[in-house]
Amino acid sequence: MDVDQKDQHTCRIGEELTSQYRKKLPGVVDRILDSCRQDSCISHVDYDPIPSTESVVGIIDKLREVVFPGYFSKEKLDPVNLSFVLGRTVTMLFELLSQQISNSIRHDCMRYSQECSDCGERGFEAAMALLDYLPEIRDVMAADVQAAYDGDPAAKSHDEIIFSYPGLYAIFVNRIAHKLHEMGVPLMPRTMTEYAHGLTGIDIHPGATIGGRFVIDHGTGVVIGETTTIGENVRIYQGVTLGALSLPKNAGEALRNKKRHPTIEDDVIIYSGATILGGDTVIGKGSVIGGNVWLTQSVPPGTRVIMEPPTLTYR
Amino acid sequence: MDVDQKDQHTCRIGEELTSQYRKKLPGVVDRILDSCRQDSCISHVDYDPIPSTESVVGIIDKLREVVFPGYFSKEKLDPVNLSFVLGRTVTMLFELLSQQISNSIRHDCMRYSQECSDCGERGFEAAMALLDYLPEIRDVMAADVQAAYDGDPAAKSHDEIIFSYPGLYAIFVNRIAHKLHEMGVPLMPRTMTEYAHGLTGIDIHPGATIGGRFVIDHGTGVVIGETTTIGENVRIYQGVTLGALSLPKNAGEALRNKKRHPTIEDDVIIYSGATILGGDTVIGKGSVIGGNVWLTQSVPPGTRVIMEPPTLTYR
Amino acid sequence: MDVDQKDQHTCRIGEELTSQYRKKLPGVVDRILDSCRQDSCISHVDYDPIPSTESVVGIIDKLREVVFPGYFSKEKLDPVNLSFVLGRTVTMLFELLSQQISNSIRHDCMRYSQECSDCGERGFEAAMALLDYLPEIRDVMAADVQAAYDGDPAAKSHDEIIFSYPGLYAIFVNRIAHKLHEMGVPLMPRTMTEYAHGLTGIDIHPGATIGGRFVIDHGTGVVIGETTTIGENVRIYQGVTLGALSLPKNAGEALRNKKRHPTIEDDVIIYSGATILGGDTVIGKGSVIGGNVWLTQSVPPGTRVIMEPPTLTYR
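Residues numbered from 1 in each chain as written. Chains lettered and ligands numbered in written order. Predicted model: local features only at pLDDT ≥ 70, side-chain atom pairs only at ≥ 80, totals over all residues. Heavy atoms only, no water.

### Concerning the pattern of salt bridges
Oppositely charged side chains are able to pair whenever their charged atoms sit close together.
Here is step 1: Counted by the stated rule, this structure contains 27 salt bridges over all chains.
Here is step 2: Between R213 of chain A and D150 of chain A there is a salt bridge, and its shortest N-O distance comes to 3.2 Å. Here D150 of chain A lies in helix α6 (residues 119–151) and R213 of chain A lies in the loop between β2 (209–210) and β3 (215–217), a separation of 63 residues in the sequence.
Here is step 3: Here R213 of chain A falls in the partly exposed class, since its relative accessible area comes to 24%.
Here is step 4: Between R260 of chain A and E226 of chain A there is a salt bridge whose closest N-O contact spans 3.0 Å. A residue pair is termed long-range when its members are at least 10 positions apart, and R260 of chain A in the loop between α10 (252–255) and β8 (263–264) and E226 of chain A in the loop between β4 (223–224) and β5 (229–230) qualify at 34 residues. Residues R260 of chain A and E226 of chain A agree in their burial class; the two are buried.
Here is step 5: The structure contains a network of salt bridges with shared partners spanning K156 of chain A together with E226 and R260 of chain B. (Salt bridge = Lys/Arg side-chain N within 4 Å of Asp/Glu carboxyl O. Helix = DSSP H or I, 4+ residues; strand = E, 2+ residues; numbered from the N terminus. Buried < 20%, exposed > 50% of the residue type's maximum accessible area, 1.4 Å probe, protein only.)

See the structure below:
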């Protein structure tokens, strides 16, 4: 492009005007710093960095390579290199996990000035416990994949489900995060599930307890609350909420750590847009909850709940 | 930071304890490997790598640069460099497409031990057919953009729609993926649409057939099933499901490749949260389906369906 | 892998066939170029590049480091390095903002052939105004965090909310984008909010005006329209739509820049899946709107609106 165009493109203005504006910058910085000296300022100054999302994502990816060998690794795996590749990945995972877990624990105990002597060992312990748990996760995930295939006519193959189904991904991340949550690791589990939430639109709190052969189809808009319990062989669709009953304002403190979300027993199907609320609500074994149903009470095993279709007006 | 802080930060623990934990790693690896020798293990060992999501995303980005010239390329395009830039991009696309398509076809025929002699040529063929189809895609996308502008008072310009509307992006990816799906390419089409699903919250199966001037506004939570057919000039809003009727458990096999999702004729508007289910359900030309309507039966052309507002209690 | 496997893997085919296909490429390119010479072609040839999403994302990240010091920076911040780190980031922000804003303004005035002499100065002006506004944004975001904590029993700490809650992120991006929108900056504000929409499933138009202590819980599927006004201390849940009433087809032009979306007064709670439509609809102070409520009319202050639960059939 010729000079004129270049000038136009850069929208450049006189040196004088430029320096006029730049002169104001120190004042702006000062005002920003001052604003951070008020009580209203929420800051994280003088604390060690929070485990970065990047490092947590790296951990999730490596765990996935170990649980689904050959699906997500760049190189081709064969019976010969398998043990070497997995061995390397598991060793790397131990380093990454123990460090990030230690930092998470340390961050919390510094932040809330508790005793913090053993964060190093607790990091090793939790990392090892999670790795020990991987064979179990692999078995349950294999059952999840089979269940997804059994119930979805659009599924072309197991490979397609493992490779591209967001529901399976969200469940995988929840099974990892839930284990860390059980071991009392702070911050990291929620970072993991919120990352999966961002990718899939499926929001499962790390506290939720979920049985095998669990399927989420499509999944966008699904919300599964902290104290939810889900049995074996349960299938849910997009937009399903398993949540808490409406709270009095500022109920945060009062209800922390109480059972606030429903219990779903084995072999239940919940269709799209259904909402099931309350810590005392139990959906009995083998029940089917229809689309858009709004339920705040328990139903006995084998119940089929459907919404009387609202009257439609045709013109 | 001084040494103490550093020690604290790294949460480091004695060499002895460290090696104590590290000694356990080989055992953990063995257990993981054993768990993969059981039937329950779903693995991808001894098969060629599945087309990576990264490579598929790279293909989508380049296709978008060709279909919307000048919008997504780093450099400024002008009538002089246009043919060179497009020519280069199209040549690169041919290489990338033919390779990824070949690998996808090859992966499936190896995986399901079918005859696999012609995967190379089929890759070339499909890649060429997709490139040949781009002028047509450009025309239909131009109509999609115009339709989005016509119906959305918040749209400031065509540029804004092309540059930032997730609905248009999801439709673009579907039009590409649907073409590959029609040509029988495995895995890749679903990888493309699930990537768009992750970005937009709009889940369109590559099998869905969609006419011109199609608009999805906002879009989060939209689900359009595999055997859906959509006519010309249709407009849908966030949270709309075009899905299958509830299935008997394990209906996967029985219903595979059957028409299970609705048919939407020309000039239909479907407002947010509406759910339309069933392979025999036909929404007649020019109909308007109101918000949150739940419909499992056909309506004749020109029907306006609205939900009788549920009774509200005011306190 | 041995040679045979390699051959298989690459799916390679004879040179002759390869060149046969490659010979067709120039023709394909020509057809693509021709298709772009028709009126139907929407192109961006001969205009300066649109501000890239990458650059806009970089700006959002840096702004977040300044508004939440120490949370998202790689290095540890302490009272000593704080002023240097913030100072550096703010200076970089000034450069990035002024350039991207200038280009956005310039792009629009070139595109719609308006007078474009002052795009450089307007870029400086708007960048400086946004930086000046950051202390205010920090105060209001601190109130948002506190409100999120007060109302959410699952929230473990302020850190967890700032670090991982998508609702807070979407609100942060909206507060930045809304300021730029008020200053008449084109394209960039919508690019920012659509990026946040992609990450969070929360679609807030930059035009929406939102008060302090605003909370969005879970958030997937939330839609807040261009002319919405939200007061202080409002809390909404996933799947809530604050939208426009159904439009006559092609109402785009007629309704552009009219108030089409509702007004929510202070201290209102809106539960999941509720839909509130219309520019004349006002939800009075302290009202509570129940889950799935569909509302197209105003309610007086202190009203509690709940949907009569639809009749359920138990079998």
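### Structural notes on the relation of the copies chain B and chain C
What connects the two chain copies is a rotation about an axis and a shift along it.
Here is step 1: When chain B is fitted to chain C, the best match, at an RMSD of 0.1 Å, comes from turning it 120° and sliding it 0.0 Å along the axis. Taken together, the turn and the small shift mark the pair as related by a three-fold rotation axis.
Here is step 2: A share of only 8% of the interface residues of chain B reappears at the interface of chain C, consistent with the copies meeting through non-equivalent patches. (Least-squares fit on C-alpha atoms with pLDDT ≥ 70 in both. Contact = heavy atoms within 4.5 Å.)

### Points about the interface of chain B and chain C
Interface extent is often summarised as the accessible area lost during association of the parts.
Here is step 1: In this assembly, 78 residues from chain B lie in contact with 73 residues from chain C.
Here is step 2: A buried area of about 6,500 Å², summed over both sides, lies between chain B and chain C, and 61% of it is on carbon and sulfur atoms.
Here is step 3: If you sort the residues of chain B by the area they bury against chain C, P153, F163 and R315 of chain B come out on top, with a joint share of 11%.
Here is step 4: Linking chain B with chain C are 3 salt bridges.
Here is step 5: The shortest N-O distance in the salt bridge between D132 of chain B and R31 of chain C comes to 2.6 Å.
Here is step 6: Summed over the shared surface of chain B and chain C, the result is 13 residue pairs in polar contact (both at pLDDT 80 or more). (Buried area = accessible area lost by both parts, 1.4 Å probe. Polar contact = N/O pair within 3.5 Å; in protein donor to acceptor, adjacent residues only side chain to side chain.)

### Details of the domain arrangement of chain A
Residue and element names in this part refer to chain A.
Here is step 1: For chain A, the domain assignment lists domain 1 (47–202) and domain 2 (208–308).
Here is step 2: Computed over C-alpha atoms only, the centres of domain 1 and domain 2 are separated by 25 Å.
Here is step 3: Both faces considered, domain 1 and domain 2 share a buried interface measuring about 1,300 Å² in area, 50% of it formed by carbon and sulfur atoms.
Here is step 4: For the pair domain 1 and domain 2, the interface holds 1 salt bridge.
Here is step 5: At the junction of domain 1 with domain 2, the criterion picks out 8 residue pairs in polar contact (both at pLDDT 80 or more).
Here is step 6: For the side of domain 1 that touches domain 2, the leading source of residues is α6, giving 8 residues. (Domains from an automatic or database assignment.)

### Topic: the interface of chain A and chain B
Here is step 1: On the chain B side, the residues contacting the 77 residues of chain A number 73 residues.
Here is step 2: By the criterion of area lost to chain B, the three top residues of chain A are P153, F163 and R315 of chain A, representing 11% of everything that side buries.
Here is step 3: Looking at the side of chain A that touches chain B, the element that brings in the most residues is α6 of chain A, giving 17 residues.
Here is step 4: Pairing analysis gives 3 bridges linking strand β15 (residues 312–314) of chain A to strand β14 (residues 304–307) of chain B, with the strands arranged antiparallel. Within the sheet, the bridge partner assigned to L312 of chain A lies in β14 of chain B and is M307 of chain B. (Pairing = 2+ DSSP bridges.)

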